[in-house]
Amino acid sequence: MAKQTDYLFPDGFWWGSATSATQIEGGATEGGKGNNIWDHWYQTEENRFFEGVGPEKTSDFYHRYKEDIALMKEIGHNTFRFSISWSRLIPGGRGEVNQEAVAFYNAVINALSDNGIEPFINLYHFDMPYALQEEGGWESRDVVEAYVTYATECFHLFGDRVNVWFTFNEPIVPVEGGYLYDFHYPNIVDAKKAVQVAYHTIIAHVKAVEAFHRLPGQKGKIGIILNLTPSYPRSQHPADLKASRIADLFFNRSFLDPAVLGKYPEELVELLRQYDHLPETLPEDTALIQNNTVDLLGVNYYQPRRVKAKEHEPNKEGPFMPDWFFDPYEMPGRKMNKYRGWEIYEKGIYDIMVNLKDNYGNIASFISENGMGVQNEERFMEDGEIQDDYRIAFIREHLKWLHKAMEEGCNAKGYHLWTFMDNWSWMNAYKNRYGFYSVDLETMERTPKKSAKWFKEVSKRNGF
């Protein structure tokens, strides 16, 4: 008799993982690659990176992709999302295409296909070519045009074998990190610039979507990947509810609404107008945004955002910040990943999906990232295998809530873990490990953790 499975997912469900170019490729000065902002920042301020580990080598996917893709197949991946490095493909951000990069990405795509793994390609993951950042990066409308040229080049080069594309991963993060809270280059604290950067990112996104859909005989789909962080109010008091609504406007709806609904939330526009922080726009932008909504939405979910009404008036002499309208709230008794300082709240994944169903036309979506970073995982080594039962529990409990959402009619297509193997995490470098496979930074040896074997079974059975 067949073994009872409580959580079965539909045939064709996407089981896999996600990563990005800068975080795994290495080879940062090889194969004709140009500098991106991470290479530059590390070269100028190495001390800001955990244990001084930079992006030049990372997990060496550039040289080991064949081995890595075989391991993905081994643990049941049928899909894998990675990003193309703009500064590898077009080293200065504009101009000549680097043929060594074309050969590398062709080889990766073909190796995935040969192993029965569908490639999902993301075009931008925090990694502005440094030459373009010198022009202002996303502050500049000219850089928007350079991105559209780059995206179109990718569609032409790889579109014969790639059917699922994404324009951006977590576009709110470079806004927060680079222009509000000083944890990404260019380390500017200026909300007016932040708003302009966010706006130009949406314009770059919709222009790439437009270019994609104009390609003759286009059968593929294009979307965007957003880190959606549900905003939960401390209480049902009107002041707390308003705080959570405004947090949601800034951090979720600022990208979700234009990408999926083709327009910005009126309340956000009014708020920015009131504080004289509206971006510069062009008259044709409204129609561009309206006419180029996404086919597919990737949802990255790690933690909830809990907020309450402000305890104190903000300092109006200081820089304008989203935090003028809410305070963070630490819910008593919350479950924590203490290594990352993040709350673990599995039901958040369900709440996101129900929101997409109720308010965003039940757009086709999938969990494009979810994962748990833990420090010093070698503590959990037994008989040569890291016993990451905490990661298995984390994935399983999130999948239960995703399953419930799907049973209620939410249009979810898959689940990708962040990430396949331990990778470099920006300023945190290798502080927290996320992978199904551990990576020895001395030897670069890949070793499966307990979660890799568990995930293989889940993928094989389409559930657990």
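Residues numbered from 1 in each chain as written. Predicted model: local features only at pLDDT ≥ 70, side-chain atom pairs only at ≥ 80, totals over all residues. Heavy atoms only, no water.

Draft legend 1. Examining the nonpolar core more closely. Trp86, Leu89, Trp138, Tyr147 and Leu402 are the most contacted members of the largest nonpolar core, which totals 136 residues. Every residue in contact with Leu402, bar those within four places of it in the chain, is listed here: Phe9, Phe13, Ile349, Met353, Ile367, Ala412, Gly414 and Tyr415. With eight residues, the next largest nonpolar core counts Trp14, Phe120, Ile225 and Phe366 among its residues. (Core = buried A, V, L, I, M, F, W, Y, C linked by side-chain atoms within 4.5 Å. Buried < 20%, exposed > 50% of the residue type's maximum accessible area, 1.4 Å probe, protein only. Contact = heavy atoms within 4.5 Å.)

Draft legend 2. Spatial organisation of the sheet that holds strand S6 (residues 231-233). Strand order in the open sheet formed by three strands is S6-S8-S9, with mixed pairing between adjacent strands. Looking at the sheet topology across the chains shown, the edges are occupied by S6 and strand S9 (327-328). The pairing of S6 with strand S8 (residues 305-308) spans three bridges and is parallel. Across the sheet, residue Ser231 finds its bridge partner in S8, namely Arg305. (Pairing = 2+ DSSP bridges. Helix = DSSP H or I, 4+ residues; strand = E, 2+ residues; numbered from the N terminus.)

Draft legend 3. Layout of unusual backbone geometry. Cis geometry marks the peptide bond from Tyr185 to Pro186, where omega comes out at 15°. Position of Pro186 among the secondary structure elements: in the loop between helix H8 (172-179) and helix H9 (191-214). Cis geometry is found at the peptide bond from Trp418 to Thr419, where omega equals 15°. Summarising the element assignment, Thr419 is placed in the loop between strand S16 (412-417) and strand S17 (432-433).

Draft legend 4. Spatial organisation of the side chain of Asp327. When you line up the elements, Asp327 lands in strand S9. We classify Asp327 as buried; its relative accessible area is 13%. Within the local environment of Asp327, its side chain forms a polar contact with the backbone nitrogen of Glu311, the two atoms lying 2.8 Å apart. The residues touching Asp327, leaving out its near neighbours within four places in the chain, are Arg306, Val307, Lys308, Ala309, Lys310 and Glu311. (Polar contact = N/O pair within 3.5 Å; in protein donor to acceptor, adjacent residues only side chain to side chain.)

Draft legend 5. Representation of the side chain of Ser140 in the model. When you line up the elements, Ser140 lands in the loop between helix H6 (130-133) and helix H7 (141-158). According to the relative accessible area criterion, Ser140 is buried, its value standing at 12%. Side-chain polar atoms of Ser140 contact the backbone nitrogen of Val143, separated by 3.2 Å. Ignoring anything within four residues of it in the chain, the contact list for Ser140 reads Glu135 and His200.

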